[in-house]
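Residue-level listing of the chains:
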Amino acid sequence: MIRLKFVFAALTILFFAGNLAHAVGIDEAAPDFKLTDSKGKTVSLSEFRDKYVVLEWINYDCPFVKKHYESSNMQNLQKEFASKGVVWLSICSSAPGKQGNFSVEELNRRMDKLQVHPYAYLLDPTGEVGKLYGAKTTPDIRIINPKGILIYAGAIDDIPSTDQADITKANNYVRQVLDAAMNSRDIPVKATKSYGCSVKY
Amino acid sequence: MMKKLIKNILPFVVSALMLSSSIKAGAGDIMSVRLLSDKKSLLPGDTITMGIEINMKNGWHTYWINPGDAGLPLKFEWGLPDGFIIGNITWPIPELITEDGIASLIYKGKVIIPVVVYSPVNFKGNKAALELNVKALVCKEKCIPSSGGAKLVLPINHKKSLSDPSITKRLKNLVYTLPASYPQGGVKASRDADKIRIEIPINELNGRNDKIEFYPYQEGIYNLAAGQETISHDEYAAIILKLDDLRTEDPQSVSGVLVNRSGWKNIGYRKAMDIKINLTK
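Model, not experiment: these values are computed from the prediction.

Things to note about the overall build of chain A
Then, number 1: For chain A, the count of helices and strands is five helices and 10 strands.
Then, number 2: In chain A, which comprises 201 residues, the proportion classed as buried is 51%.
Then, number 3: Taking all contacts inside chain A whose residues are at least 6 apart in sequence as the whole, residues at least 24 apart take part in 75%.
Then, number 4: Of the accessible surface of chain A, which amounts to about 9500 Å², a share of 53% is contributed by carbon and sulfur atoms.

Concerning the nonpolar core
Then, number 1: I52, I54, L74, V134, V254 and L258 of chain B are the most contacted members of the largest nonpolar core, which has 65 residues in total.
Then, number 2: Sorting elements by how many residues they give to this core places strand β11 (residues 127-139) of chain B first, with six residues.
Then, number 3: When near neighbours in sequence (up to four residues on either side) are disregarded, V254 of chain B contacts A189, I196, I198, F214, Q218, Y222, I275, K276, I277 and L279 of chain B.
Then, number 4: Core analysis: the next-biggest nonpolar cluster, separate from the first, contains 39 residues, I58, L77, F81 and V116 of chain A among them.

Description of the interface of chain A and chain B
Then, number 1: With 44 residues of chain A at the interface, the matching set in chain B holds 38 residues.
Then, number 2: Along the contact surface separating chain A from chain B lie four salt bridges.
Then, number 3: A salt bridge links D244 of chain B to K136 of chain A, with the shortest nitrogen-to-oxygen separation between them at 2.7 Å.
Then, number 4: At the junction of chain A with chain B, the criterion picks out six residue pairs in polar contact (both at pLDDT 80 or more).
Then, number 5: Looking at the side of chain A that touches chain B, the element that brings in the most residues is strand β1 (residues 10-13) of chain A, giving four residues.

Examining the confidence of the model for chain B
Then, number 1: Summarising the model, chain B shows a mean pLDDT of 90, and 90% of its residues fall at 70 or more.
Then, number 2: In the predicted complex, the global pTM is 0.89; the interface-specific ipTM is 0.87.

Description of the pairing of strand β21 (residues 270-280) of chain B
Residue and element names in this part refer to chain B.
Then, number 1: Sheet topology note: the strand β14 (residues 180-181)/β21 ladder contains two bridges and is parallel. Bridged to A180 within β21 is M273.
Then, number 2: Sheet topology note: the strand β15 (residues 188-192)/β21 ladder contains two bridges and is parallel. Pairing of A189 across the sheet is with L279, part of β21.
Then, number 3: Direction of pairing for strand β20 (residues 253-264) relative to β21: antiparallel, over a ladder of eight bridges.

A few points about the sheet that holds strand β2 (residues 34-37) of chain A
Residue and element names in this part refer to chain A.
Then, number 1: Read from one edge of the open sheet, seven strands run β3-β2-β6-β5-β4-β8-β9, paired in mixed fashion. Each edge of the open sheet carries a strand with a single partner, namely β3 (42-44) and β9 (150-154). Taking each pair of neighbouring strands and ignoring which way they run, the sheet shows an average axis angle of 30°.
Then, number 2: Bridge count between β2 and strand β6 (residues 120-123): two bridges; the pairing is antiparallel. Among the inter-strand pairings, T36 is bridged to a residue of β6, identified as L123.
Then, number 3: Helix α2 (residues 73-82) rests against β4 (53-57) and β5 (87-92) of the sheet, and its axis sits at about 140° to β5.

A closer look at the confidence of the model for chain A
Then, number 1: Counting all residues, the mean pLDDT for chain A is 92, and 90% of those residues have values of 70 or more.
Then, number 2: Note on residues 4-19 of chain A: pLDDT under 50 across the span, and 31 contacts to partners over four residues away in sequence or across chains.

Comments concerning the pairing of strand β19 (residues 236-242) of chain B
Residue and element names in this part refer to chain B.
Then, number 1: Burial runs high along β19: six of the seven residues are buried.
Then, number 2: Pairing analysis gives seven bridges linking strand β16 (residues 195-201) to β19, with the strands arranged antiparallel. Bridge pairing in β19 places R197 opposite I240.
Then, number 3: One ladder, built from four bridges, connects strand β18 (residues 229-232) with β19; its direction is antiparallel. Residue pairing for β19: S232 is matched across the bridge by A237.
Then, number 4: Remark: three residues form the turn of the hairpin made by β18 and β19, two consecutive strands paired antiparallel.

A short note on the state of the cysteines
Then, number 1: On inspection of all chains with the given rule, the structure shows two disulfides over all chains.
Then, number 2: Put simply, C62 of chain A and C197 of chain A are joined by a disulfide, and their sulfur atoms are 2.1 Å apart. Handedness of the C62 of chain A-C197 of chain A disulfide follows from its S-S torsion of about 95°: it is right-handed. You can see C62 of chain A sitting in the loop between β4 and α1 (63-70) and its partner C197 of chain A sitting in strand β10 (residues 197-198), a full 135 residues away along the chain. Taken as a pair, C62 of chain A and C197 of chain A share a single burial class, namely buried.
Then, number 3: A disulfide bridge connects C139 of chain B with C143 of chain B, and the sulfur atoms are separated by 2.1 Å.

Reading the values: the criteria
Residues numbered from 1 in each chain as written. Chains lettered and ligands numbered in written order. Predicted model: local features only at pLDDT ≥ 70, side-chain atom pairs only at ≥ 80, totals over all residues. Heavy atoms only, no water. Helix = DSSP H or I, 4+ residues; strand = E, 2+ residues; numbered from the N terminus. Buried < 20%, exposed > 50% of the residue type's maximum accessible area, 1.4 Å probe, protein only. Contact = heavy atoms within 4.5 Å. Areas by Shrake-Rupley, 256 points an atom, 1.4 Å probe, with all protein chains shown as cover. Core = buried A, V, L, I, M, F, W, Y, C linked by side-chain atoms within 4.5 Å. Salt bridge = Lys/Arg side-chain N within 4 Å of Asp/Glu carboxyl O. Polar contact = N/O pair within 3.5 Å; in protein donor to acceptor, adjacent residues only side chain to side chain. pLDDT = per-residue confidence, 0-100. Pairing = 2+ DSSP bridges. Axes fitted to C-alpha atoms, helices over the stretch in contact; angles between N-to-C directions. Disulfide = S-S within 2.5 Å.

Here it is, written out as structure tokens:
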């Protein structure tokens, strides 16, 4: 005879906002999205099927983003890979009134001053695309291959800091992943922990 | 008479001046740093327990050793005399904050971080200047890279060491919130799909109502914003953690700080325990 033990299971669920409850994972199909860019044009991810796409979460006032832009590191990467046919999309998921969310005039002024070179700067003020891709920091990088598969998610490089002097010492993951993928080699790193300011949803 | 008075008082005045801990504030005075020492003067070979006291303006925070989804951990840059060595740093329990699905493990307001410093037995000088520069990311609605420095000059007495009872007491009072090592026990950890379960046997708890939390040292593994489910059972309590969809690796062990707000029986009711437990198959 089995004696039934009284099991008192008190479930305490501390559940915070599950906005990033399930983001697209590595080796999964990158979900399509449609956003307006800084010039007022509508841009869809699906337009770039058959190309490598880099998604770069951005906030020009974040000290980590400044590290990569004031050193021209990010612009150089954008140019380097644009010449190889990679589509670079900067995405700003800052909500209205929060850091990084600029008026179109101010945004274009910043882009001119920094001489940025993305294919497009996309506006995501509702944060919908940021949450779809699980973007947590600025910068935060996603790389999608020509088959529409997410092949990398995480940091731009391997030295988390705000110090420009660390850029040349660091291993740049964007370059490492794209060089391997575009030359049909195994991708050496697929997911790293991104570093930066929190995305200002 | 006056000469005798001055001769008696002067050493104390000089000692007091040498003990001064200067404060240099960073980034618009948001953060300032002080060095505390449980010794007023050193006998070469002494072990000093120091406290790195970080003060931040109201509403600002900085980060724990695992900062969470964003931010940067504190960094310490020491300037020490020859032969002095930094030992263990003990990180106080952080606070978890979550906003829009992004979790951070932080310190806000004031935090004192104890650190052990070893002085060399063959130190010949008559004073030791200990300098520290703290590099931090301090945040409110925006983040600012910040630094703050402090310097402590301790006189050397080649005959005996002298404690500072008030600092010794202050540092001792922190002990209940500082992690202690987990002694041999029955805590187990296991994985089921995208969840990690940490189970603590009832005989290591005060009762079924103990409030338990886990703060992982491992970065990029857990979905901290998803929160922690806790289960209370006749024979155990358990914490369930969710793995991050974009985790950098599949963990083989669980390491971090297990906190029981009622205190852990097996470590004298200290509230925090450092654990590293391999996942059972």
